[in-house]
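Chain by chain, the residues run as shown.
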Amino acid sequence: MNARRAAGAALGTVVLLGLLAGVAVTALGVRVDGTSMAPTLHQGDRILVAPGSAGRAHRFDVVLLRATGRDALLVKRVIGLPGDRVAIVSTPEEPFQVLLQERGEGPVRRVVAPQWAAQVHRTGACCGPDGTRSARPELRTVPEGAFFYLGDNPDLSDDSRAYGWGALVRIEGRVGARAYPVSASPGIGNRPALEEYRGSVP
């Protein structure tokens, strides 16, 4: 085989692999619909779910789930796990302070996510006994088999504040990578962190 034929065969293989990858992303990827996870994920992004991750949650993972009482797929971020205590405190200066006490023990700390601070404008408190919005902030314990979840764009997200605790068994899987657009980083990013909370504990 001469050099020209070899180059043509190599190019054909690359094109075929590219087409197969495109078909795989279309068939296996889940399309993000809406802006509730911006800027982490955007309308039209395609995401891939990590194999074997259904029914599991780790704190601050982004997961694909079906909310209790709803069949539509949601993409949200896990905040609280079973046994954790969670609350949302709002003040005019800081309208969205998410508090977390891991496993219901030790200090109450603040969940810090830069994307929240840059976007949130609406005030609101949480949580009621079922994990939804409440008239005043109150730490609530996440029940066994459940989790508390939020969107990365809180003002435009229907999440636990609207639907209540999520059920672990209704998690379709952890979002492992962004497959499309190809120009974007495949990683998910914007993972929150925990810091000391100096305010009064509700």
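Refer to the structure printed above.
Residues numbered from 1 in each chain as written. Predicted model: local features only at pLDDT ≥ 70, side-chain atom pairs only at ≥ 80, totals over all residues. Heavy atoms only, no water.

Considering the overall build of the protein
- Secondary structure summary: the protein contains 3 helices and 14 strands in total.
- Here the contacts in the protein between residues at least 6 apart in sequence split such that 62% fall between residues at least 24 apart.
- For the protein, the computed accessible surface area is about 10,600 Å², with 55% contributed by carbon and sulfur atoms. (Helix = DSSP H or I, 4+ residues; strand = E, 2+ residues; numbered from the N terminus. Contact = heavy atoms within 4.5 Å. Areas by Shrake-Rupley, 256 points an atom, 1.4 Å probe, with all protein chains shown as cover.)

Comments concerning the pairing of strand β13 (residues 171–180)
- Of the pairings in the sheet, the one linking strand β2 (residues 46–49) to β13 comprises 4 bridges and is antiparallel in character. In the strand pairing of β13, L48 is matched with A177.
- For strand β3 (residues 62–66) and β13, the ladder comprises 3 bridges, and the chain directions are antiparallel. When the bridges of β13 are listed, L65 appears paired with I171. (Pairing = 2+ DSSP bridges.)

Some words on the packing of aromatic side chains
- Within this structure, the stated rule accounts for 3 aromatic pairs.
- Residues F147 and Y149 carry aromatic rings whose centres are separated by 5.4 Å and whose planes lie at 40° to one another, so their mutual orientation is tilted.
- On the accessibility criterion, F147 (0% relative accessible area) is buried. (Phe/Tyr/Trp six-rings, centres within 6.5 Å; stacked < 30°, edge-to-face > 60°. Buried < 20%, exposed > 50% of the residue type's maximum accessible area, 1.4 Å probe, protein only.)

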